Amino acid sequence: MAAEAITPDAESKARRGFLLALGAYLLWGLLPFYMKAVAHLPLAEVIAHRIVWSVPIAAAVLVWAGRTADFKVAIRSPRTIAMAGLTAALISVNWGIYVWAIAVDRTVETALGYYINPLVNVVVGALLLGERLDRLQIAAVVLAAVAVAVLTIDGGKLPWVSLALAFSFAAYGFFRKTLPIGPSQGFLLEVLLLSVPALGYIVFLIATGQDHFVSSNGTDTALLIGCGPVTAVPLLLFAFGAKLLRLSTIGIMQYIAPTMVFLIAVLIFDEPFGTTQAIAFALIWAALAVYSWSMLATARRATAVRAA
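Residues numbered from 1 in each chain as written. Predicted model: local features only at pLDDT ≥ 70, side-chain atom pairs only at ≥ 80, totals over all residues. Heavy atoms only, no water.

**Details of the overall build of the protein**
Next, step 1: Each helix and strand counted, the protein has 13 helices and 0 strands in total.
Next, step 2: Ordered by position from the N terminus, the helices and strands of the protein form the series α-α-α-α-α-α-α-α-α-α-α-α-α.
Next, step 3: The C-alpha radius of gyration computed for the protein amounts to 21 Å, which stays within 12% of the reference 19 Å derived for 308 residues, consistent with globular compactness.
Next, step 4: Contacts in the protein between residues far apart in sequence, at least 24 positions, make up 84% of those at least 6 positions apart.
Next, step 5: Split by element, the accessible area of the protein, about 15,200 Å² in all, is 71% carbon and sulfur.
Next, step 6: Of note, the protein has its 20 positive side-chain charges centred 12 Å away from the centre of its 15 negative side-chain charges. (Helix = DSSP H or I, 4+ residues; strand = E, 2+ residues; numbered from the N terminus. Rg over C-alpha atoms; globule rule 2.2 N^0.38 Å. Contact = heavy atoms within 4.5 Å. Areas by Shrake-Rupley, 256 points an atom, 1.4 Å probe, with all protein chains shown as cover. Lys, Arg positive; Asp, Glu negative; His and termini not counted. Charge placed at Lys NZ, Arg CZ, Asp CG, Glu CD.)

Put into structure tokens, the structure is as follows:
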């Protein structure tokens, strides 16, 4: 059977998907700057505003995309609501650790966490979904485990920030697949569920004069409102971009954001990066190179089979 020709329409969709996903990863890569700007504000208040101000953006995008019918069906399903509650809790944990880590000058550890995440996804797939790992994938996971061991031995404790970020996001991705709705509808449902306690907490802070939204200066107010767009926009860009791209392309692009975060941490935030960290990162980068090679080889074989 002859290989299918790549149509101009397919090329246009792939190009659009690439630009949307690239925009998402670049915004995620620059996010530490914004998190530093709100580092003087209480963590819980920042998270609450991330949630509340994401709601109107997610809702507007859903209306614009004409996907409200799917959302209406979803909110009538108790099972969907329960699963969305679980994924919402997991992403909240991930957000909280990330914001806190940057505020206390542990940005390098967040970069390591998101480098590890793809390898954690491989392990989760093997353990929970019965997916078979090839030799290259096993080698990649072993290299990542050695990197964690190096950091643990040197520091006398597990690099819990990196591991918590990697595993919480992997768990979020795993359970997110169980939601029978698209990514934009799911995101709106998650932030809507989270907005109930978040809005209640914001009202409590305002009522007791402990807030930084009404009782503080205009800069803090603007920063708190801005927490919504910097949260929602990259997530939605990625959701729409990923639908137009091959998994192998997304797999390679996902290293853009942690690489930017790592460079920002070391070169701009001037966080310590010694010999042990260099060894650990070298091992992780080697693991990711091996993993990427395996992923590309699999994609090439699948393409060859389709073209046969």
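**Let's talk about helix H2 (residues 43-52)**
Next, step 1: For H2, the buried fraction is high: 8 of the 10 residues fall into the buried class.
Next, step 2: All of the buried residues along H2 are Glu-45, Val-46, Ile-47, Ala-48, His-49, Arg-50, Ile-51 and Val-52. (Buried < 20%, exposed > 50% of the residue type's maximum accessible area, 1.4 Å probe, protein only.)

**Overview of the confidence of the model for the protein**
Next, step 1: Per-residue pLDDT for the protein has a mean of 89; in total, 94% of the residues score no lower than 70.
Next, step 2: For the protein, helix H11 (residues 247-253) is the element with the lowest average pLDDT, namely 74, and H2 is the one with the highest, namely 96.
Next, step 3: This stretch, residues 1-5, has a pLDDT under 50; its non-local contacts, to residues over four places away or in other chains, come to 4 contacts. (pLDDT = per-residue confidence, 0-100.)

**A closer look at the UniProt feature "domain: EamA" (unreviewed entry) in the protein**
Next, step 1: The positions UniProt marks with the feature "domain: EamA" (unreviewed entry) are residues 16-152.
Next, step 2: Secondary structure content for residues 16-152 is 86% helix and 0% strand, while the C-alpha to C-alpha distance between its ends is 42 Å. (UniProt positions renumbered as here; feature names shortened; annotations may be inferred.)

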